[in-house]
Amino acid sequence: MAAMKLYMTPGSCSTGIHIILEELEEAFEAYIVNLPAGDHFKPDYVAINPKSTIPTLVRNDGTALTEVPAIAYWLARTHPRAKLWPDDAEGESRVMEAMAYIVGTIHGQGFARIFATNTFTRNTADHDAVRELGRDIVVKGFAILNETLGPKPYLAGNFSVADPILFYVEFWADKTGIPLPDNLAAHYRRMLARLPVQRVLREEGYNPAALGKPSP
Ligand SMILES: N[C@@H](CCC(=O)N[C@@H](CS)C(=O)NCC(=O)O)C(=O)O
């Protein structure tokens, strides 16, 4: 059976899926998609994922799965012994609710305005305002998730696939100097202490020991 293939870009939202694969100790081949070079628009990649987004997971049967929450769900459901997906309707809905909000709003509406400003306006004079709006969306989103998490160690209580997804936006906050509210800062540090997370960060070119420090 062919190994799964993860099409990914270091330090991007695919890091969340990379962490889930590492937590599951799943063998896979990593293919780096160079976004700044526009590799995601080249015919070879478009043939795999016509949306031109990363991550894409090509599974053992050769079929491609896209969208972070869908990939996270599929990995959790196909590895039931790892217990990365709740088994009650309330728990399942809450994990889906958190992943949809993180990927759709905090990432898609917030950080995307900061990292991909030109996809929101063609007018360069508006760029600072668009980035500021993105930051406001992220800050509001973090305040909401901070309440959702509360004193729990992980979003669903126990570790689930939602936590690596939360981690990647916390990591972006660290890299862009957006402060994390207390519960999320504690979650981020908890994630940084996990060995699979440290392995992924090192593989993607980051030093985990340098992350999660208060700004000077
Ligand atoms: N809704 C998509 C979003 C993925 C996404 O926006 N990925 C970014 C990188 S973090 C990307 O592919 N950007 C390139 C582009 O959209 O042109 C998902 O859940 O996978």
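Now for a quick tour of the structure. This is a predicted model, so every value here is computed, not measured.

Some remarks on the overall build of the protein
- The helix and strand inventory of the protein stands at 8 helices and 4 strands.
- Based on the C-alpha atoms only, the size of the protein along its principal axes is roughly 50 × 45 × 35 Å.
- Counting across all 216 residues of the protein, residues that qualify as buried make up 47%.
- Sequence-distant contacts in the protein: of pairs separated by 6 or more residues, those separated by 24 or more amount to 63%.
- Total accessible area computed for the protein in this model is approximately 11000 Å², and 54% of it derives from carbon and sulfur atoms.
- Of note, the protein has its 21 positive side-chain charges centred 1 Å away from the centre of its 25 negative side-chain charges.

Structural notes on the pairing of strand β2 (residues 28-32)
- Here strand β1 (residues 4-8) pairs with β2 via 5 bridges, running parallel. Following the sheet pairing, Met8 is matched in β2 by Ile32.
- In this fold, the crossover linking β1 to β2 by way of helix α1 (residues 14-23) has right-handed handedness.

Brief notes about the pattern of salt bridges
- A full pass over the atoms with the stated rule returns 7 salt bridges.
- With a shortest N-O distance of 2.7 Å, Glu22 and Arg199 are connected by a salt bridge. Separated by 177 residues along the polypeptide, Glu22 in helix α1 and Arg199 in helix α8 (residues 195-203) bring together distant segments of the chain.
- Classification of Glu22 by relative accessible area gives buried; the value is 15%.
- Between Arg94 and Glu97 there is a salt bridge; the shortest N-O distance is 2.9 Å. Taken as a pair, Arg94 and Glu97 lie in helix α4 (residues 89-115) at a separation of 3 residues, close to a single helical turn.
- According to the relative accessible area criterion, Glu97 is partly exposed, its value standing at 46%.

Regarding the site of the ligand
- The ligand sits among 14 residues. The nearest are Cys13, His40, Ile54, Glu67 and Val68.
- His40 has a polar side-chain atom sitting 3.1 Å from an oxygen atom of the ligand.
- In this structure, Glu67 approaches the ligand through a side-chain N or O atom, which is 2.7 Å from a nitrogen atom.
- About the coverage of the ligand: the protein hides 72% of its 510 Å² of free accessible area.
- Under a 2 Å grid-point criterion requiring more than half of the atoms, the pocket assigned to the ligand is the largest pocket.
- Tallied by class, residues from the shell around the ligand come to 9 nonpolar, 4 polar and 1 charged.
- Residues from two domains meet in the shell around the ligand; each of domain 1 (4-82) and domain 2 (89-194) gives at least three.

Side note on the sheet that holds β1
- Taken in spatial order, the 4 strands make up an open sheet running β2-β1-β3-β4, and their pairing is mixed. One side of each edge strand has no neighbouring strand; the edge strands of this open sheet are β2 and β4 (64-66). Taking the axes of each pair of neighbouring strands and ignoring which way they run, one obtains an average angle of 20° across the sheet.
- Sheet strands in contact with α1 are β1, β2 and β3 (56-58), and its direction is about 150° off that of β1.
- Packing of helix α3 (residues 68-77) onto the sheet brings it into contact with β1, β3 and β4, and relative to β4 it is tilted by some 120°.

Focus on the layout of surface pockets
- If you add up the space inside the largest pocket, you get close to 800 Å³.
- Along the wall of the largest pocket there are 28 residues; nearest its centre are Cys13, Leu35, Ile54, His107 and Ala116.
- Sorting the residues of the lining of the largest pocket by element identifies α4 and α6 (162-176) as the ones contributing at least two each.
- Take the lining of the largest pocket: its biggest share by element is 5 residues, from α4.
- Partitioning the lining of the largest pocket into residue classes produces 16 nonpolar, 9 polar and 3 charged.
- The residue makeup of the lining of the largest pocket includes at least three contributed by each of domain 1 (4-82) and domain 2 (89-194).
- For the second largest pocket, the calculated volume is near 290 Å³.
- Lining the second largest pocket are 13 residues, with Lys83, Leu84, Trp85, Pro86 and Asp87 positioned closest to its centre.
- Its residues placed into classes, the lining of the second largest pocket shows 7 nonpolar, 3 polar and 3 charged.
- A domain split of the lining of the second largest pocket shows at least three residues from each of domain 1 (4-82) and domain 2 (89-194).

Rules used in this analysis
Residues numbered from 1 in each chain as written. Predicted model: local features only at pLDDT ≥ 70, side-chain atom pairs only at ≥ 80, totals over all residues. Heavy atoms only, no water. Helix = DSSP H or I, 4+ residues; strand = E, 2+ residues; numbered from the N terminus. Buried < 20%, exposed > 50% of the residue type's maximum accessible area, 1.4 Å probe, protein only. Contact = heavy atoms within 4.5 Å. Areas by Shrake-Rupley, 256 points an atom, 1.4 Å probe, with all protein chains shown as cover. Lys, Arg positive; Asp, Glu negative; His and termini not counted. Charge placed at Lys NZ, Arg CZ, Asp CG, Glu CD. Pairing = 2+ DSSP bridges. Right-handed = clockwise from strand over helix to strand, strands pointing away. Salt bridge = Lys/Arg side-chain N within 4 Å of Asp/Glu carboxyl O. Near = heavy atom within 4 Å. Polar contact = N/O pair within 3.5 Å; in protein donor to acceptor, adjacent residues only side chain to side chain. 1 Å grid on protein atoms, 1.4 Å probe; cavity = no way out; pocket = protein on both sides within 12 Å on 5 of 7 lines; lining within 4 Å. Sits in = over half its atoms within 2 Å of the grid points. Nonpolar A, V, L, I, M, F, W, Y, C, P; charged D, E, K, R; others polar. Domains from an automatic or database assignment. Axes fitted to C-alpha atoms, helices over the stretch in contact; angles between N-to-C directions. Points joined across faces, edges and corners; volume = space filled by probe spheres on them.

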